[in-house]
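# Chain and residue survey
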Amino acid sequence: MTFDAVKEAKPGPKWKGRWNRSWPAYEAWFIANGGDKGPTTVQCRDALKRYMPELVSLYDRLVLISGGSDRAARFLSTWCPPCYLGGCSLAAVADKDEVRLVRNYDLSPELNEGLLLHSSWTGRPVMGMVEFLWGLSDGINDAGLSVALAYGGRSETAEGFGITTILRYVLETCDTVAQAIAAFGRVPSHMAYNLVLADASGRTASLELSPGGGVKIMPNAIATNHQSGPKPAERPSFTRSFERLEYLDGLRATPAELNKAFLRAPLIQDRYSHGFGTLFTAEYDPNRRTLGLTIKGERWDQSLHGFEEGQRTVNYADNGPTLPGEIQETVPDWSAAAMIDWQRLASDYAKGAGRPVVEYLPSSTEVKDVA
């Protein structure tokens with residue numbers, strides 16, 4: 001799996017490159033799961049205007065860059081989307097001096113975008129791991145507000161937005177945990193999700209979101225993949241959700257020790273072939289506005305105010321520790337990614353002759369010729 005760190009203040013050629021790369025797979029998923037039977041484009045945009053008006057102009061720009069098709073517009077709105085599942089463990093800890101939010105992201109390597117994006121789409125810097133091409137699974141903003149999500153354990157759906165878009169909205173518009181809780185109360189999620197939040201003041205919180213709206217504040221800033229209500233979680237024995245939550249509940253770690261705890265069993269997962277392995281551990285520091293990604297034992301540090309583009313490639317086929325040199329770093333020119341012949345790339349991989357994506361980027365000469 002390849003992880004990319006990309007910085008683009010406003011949606012432009014870099015985002016266009018990611019769209020061209022990911023849309024064919026997302027479109028197939030959207031069609032196969034009944035997305036074409038969902039709300040109309042007008043209904044989707046109206047829902048954004050009602051619940052998240054601050055994102056409407058950004059949404060319009062993304063739709064335009066994507067090519068403006070009806071299906072793309074409905075997909076990007078994430079209003080009443082098809083259901084999707086996942087894993088994850090979350091916790092936030094604060095003391096009088098420090099605060100941290102840490103998450104393990106558990107999923108199949110084939111289902112994660114692997115994109116760490118630094119943007120200023122609404123005028124404020126936001127850094128986080130992208131889902132659904134513009135939403136976020138976790139992130140931090142220039143005020144230090146940090147948030148991460150975990151699947152709530154139930155596949156039922158109701159009228160609402162995809163949770164990753166709501167996380168984007170919160171980080172674009174809120175400064176504190178209190179403001180974020182209010183926003184999550186206003187904007188309905190289409191599925192059950194658990195959230196953990198932290199801010200620069202040291203406040204932490206854990207929330208349970210219900211399908212169609214509704215927020216429950218939990219006593220401890222921890223979460224895995226089930227909720228406290230009477231409805232049972234799906235696959236709890238497979239995800240080991242109760243085991244992981246019990247571990248987190250008994251954990252007595254300082255903020256500085258929290259990340260290390262997430263790199264041990266039962267929080268760390270290695271069942272990649274079953275679609276449930278830890279792809280990365282993300283440690284957010286709201287005071288310093290930093291993110292530390294641990295990918296199979298290797299740390300990759302980024303700062304909101306000192307972000308560096310780059311790329312890391314990791315092999316999850318081996319469940320053992322990463323060997324020296326297995327993770328490599330390059331800095332591709334993602335502004336040229338929109339010019340890749342993605343059909344040729346897909347054809348190569350179908351034949352078993354795929355090459356690293358960076359090798360499909362045009363040379364500087366080719367870019368000039370196209371321009």
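See the structure above.
How each quantity is defined
Every chain begins its residue count from 1, and numbering advances along the sequence as written. Only residues with pLDDT of at least 70 are given local features in this predicted model, and only at 80 or more are side-chain atom pairs given and counted; all residues enter the totals for whole chains, interfaces and linings. Derived side-chain values reflect all non-hydrogen atoms in the structure, with water molecules and hydrogen atoms excluded from consideration. Counting from the N terminus, the helices are the DSSP runs of H or I reaching at least four residues and the strands are the DSSP runs of E reaching at least two. Three labels apply to residues, based on accessible area from a 1.4 Å probe with only protein chains included: buried if under 20% of the type maximum, exposed if over 50%, partly exposed otherwise in between. In this analysis, two residues are considered to be in contact whenever any of their non-hydrogen atoms come within 4.5 Å of each other. With residues, only the protein chains shown are counted as cover, and all accessible areas are computed by Shrake-Rupley using a 1.4 Å probe. Buriedness for pockets is judged along seven lines, at least five of which must meet protein on both sides within 12 Å for an open set on the 1 Å grid over protein atoms alone, while cavities are sets there where a 1.4 Å probe fits but cannot get out, and lining residues have an atom within 4 Å of a point. Grid points are joined across faces, edges and corners, and a volume is the space filled by probe spheres set on the points. In this classification, Asp, Glu, Lys and Arg are treated as charged, Ala, Val, Leu, Ile, Met, Phe, Trp, Tyr, Cys and Pro as nonpolar, and every other residue, Gly included, as polar. The rule for a salt bridge is simple: a side-chain nitrogen of Lys or Arg has to be within 4 Å of a carboxyl oxygen of Asp or Glu. Under this rule, positive means Lys or Arg and negative means Asp or Glu; His and the chain ends count for nothing. Pairing of N or O atoms within 3.5 Å defines a polar contact, subject to two protein rules: one partner must be a possible hydrogen donor and the other a possible acceptor, and residues neighboring in sequence count only if both atoms are side-chain atoms. In summary, the pairing rule links any two rings of Phe, Tyr or Trp, Trp by its six-membered ring, whose centres are within 6.5 Å, and it sorts them by plane angle into stacked for under 30 degrees, edge-to-face for over 60 and tilted for everything else. Throughout this description, the term charge over a ring refers to an Arg CZ or Lys NZ atom that lies within 6 Å of the ring centre and within 35 degrees of the ring normal. Strands were regarded as paired on the criterion that DSSP finds at least two bridges between them. The nonpolar core is taken to be a set of buried Ala, Val, Leu, Ile, Met, Phe, Trp, Tyr and Cys residues, with the residues joined through side-chain atoms within 4.5 Å.

## Observations regarding the overall build of the protein
From N to C terminus, the protein includes eleven helices and 17 strands. For the protein, the proportion of its 371 residues judged to be buried stands at 55%. When contacts within the protein are restricted to residue pairs at least 6 apart in sequence, long-range pairs at least 24 apart make up 65% of them. As displayed, the protein offers around 15300 Å² of accessible surface, 52% of which is attributable to carbon and sulfur atoms.

## Remarks on empty space enclosed by the protein
This model, assessed by the stated rule, comprises two cavities of 30 Å³ or more. One number sums up the size of the largest cavity: a volume of about 50 Å³. Every residue along the wall of the largest cavity is listed here: Phe30, Gly35, Gly38, Pro39, Cys44, Arg74, Trp79, Cys80 and Pro81. Split into classes, the residues belonging to the lining of the largest cavity amount to six nonpolar, two polar and one charged.

## Quick look at the pattern of salt bridges
Any two side chains of opposite charge can pair, so long as their charged atoms come close to each other. Overall, the coordinates contain 21 salt bridges when judged by the stated rule. Glutamate 27 is paired through a salt bridge with arginine 71; the nearest N and O atoms lie 2.8 Å apart. Of this pair, glutamate 27 sits in helix 1 (residues 13-32) while arginine 71 sits in helix 4 (residues 70-77), and the two are 44 residues apart along the sequence. Taking the relative accessible area as the measure of exposure, glutamate 27 reaches 23% and is therefore partly exposed. Residue classification places arginine 71 among the partly exposed residues on the basis of a relative accessible area of 25%. Bridged by salt links that share partners, the residues Glu98, Arg100, Glu283, Asp285, Arg288, Arg299 and Asp301 form one connected network.

## Considering the side chain of arginine 244
For arginine 244, the position within the fold is in helix 8 (residues 241-250). Buried and unpaired, arginine 244 has aspartate 106 as its nearest opposite-charge partner, separated by 4.2 Å. A polar side-chain atom of arginine 244 sits 2.9 Å from the main-chain carbonyl oxygen of threonine 239. For arginine 244, the residues in contact, after removing those within four places along its chain, are Cys88, Ser89, Asp106, Thr224, Asn225, Thr239, Pro266, Leu267, Gln269 and Phe276.

## Here we look at the environment of threonine 173
Mapped onto the elements of the fold, threonine 173 is located in helix 5 (residues 163-173). Every residue in contact with threonine 173, bar those within four places of it in the chain, is listed here: Glu54 and Arg124. A distance of 2.8 Å separates a polar atom in the side chain of threonine 173 from the backbone oxygen of tyrosine 169.

## Concerning the packing of aromatic side chains
Under the counting rule described, the total for this entry stands at 16 aromatic pairs. Look at phenylalanine 3 and phenylalanine 280: their rings are 6.1 Å apart centre to centre, the planes differ by 90°, and that puts the pair in the edge-to-face class. Of this pair, phenylalanine 3 sits in strand 1 (residues 2-7) while phenylalanine 280 sits in strand 13 (residues 276-285); the two residues are 277 residues apart in sequence, bridging distant segments of the chain. Residue classification places phenylalanine 3 among the buried positions, given a relative accessible area of 1%. Note on tryptophan 19 and phenylalanine 75: the rings are 6.3 Å apart at their centroids and 65° apart in plane angle, and the pair reads as edge-to-face. Placement of tryptophan 19 in helix 1 and of phenylalanine 75 in helix 4 is noted, with a sequence separation of 56 residues between them. With a relative accessible area of 2%, tryptophan 19 lands in the buried category. Take phenylalanine 75: its relative accessible area is 3%, and that puts it in the buried class. Cluster of aromatic residues (ring-pair linked, three or more members): Trp15, Trp19, Trp23, Tyr26, Trp29, Phe30, Phe75 and Phe132. Its guanidinium or amino end placed over the ring of phenylalanine 238, arginine 271 lies 4.8 Å from that ring's centre, counting from NZ or CZ.

## Topic: the pairing of strand 7 (residues 146-151)
Both faces of the sheet carry side chains from a regular strand, because those side chains alternate between them. Summarising burial for strand 7: six of the six residues are buried, a large majority. Along strand 7, one buried face is formed by Ser146, Ala148 and Ala150 and the opposite face, lined by Val147, Leu149 and Tyr151, is buried too. The pairing of strand 6 (residues 135-141) with strand 7 spans three bridges and is antiparallel. Among the inter-strand pairings, isoleucine 140 is bridged to a residue of strand 7, identified as serine 146. Following strand 6, the chain reverses through four residues before pairing antiparallel with strand 7; glycine 144 in that reversal takes a positive phi of roughly 95°.

## Focus: the pairing of strand 14 (residues 290-295)
Counting buried residues along strand 14, five of its six residues qualify, which places the element largely inside the surrounding structure. Summarising the sheet, strand 13 and strand 14 pair through five bridges and their orientation is antiparallel. Bridging across to strand 14, threonine 281 finds its partner in threonine 294. Following strand 13, the chain reverses through four residues before pairing antiparallel with strand 14; arginine 289 in that reversal takes a positive phi of roughly 55°.

## Some words on the side chain of threonine 281
With respect to the helices and strands, threonine 281 occurs in strand 13. Polar contacts involving the side chain of threonine 281 include one to the side chain of asparagine 104, which spans 2.6 Å. Setting aside chain neighbours within four positions, we find threonine 281 in contact with Val102, Arg103, Asn104, Asn259, Phe262, Leu263, Ile268, Gly292, Leu293 and Thr294.

## Some thoughts on the nonpolar core
Note on soluble globular proteins: their nonpolar side chains tend to be buried together. Within the largest apolar cluster, 58 residues are counted, with the highest numbers of intra-cluster contacts made by Ile163 and Phe184. Among all residues touching isoleucine 163, those that are not within four sequence positions of it are Tyr84, Leu149, Phe184, Ser189, Tyr193, Leu195 and Leu209. Met1, Ala5, Leu116 and Ile295 belong to the second-largest nonpolar core, a separate cluster that totals 33 residues.

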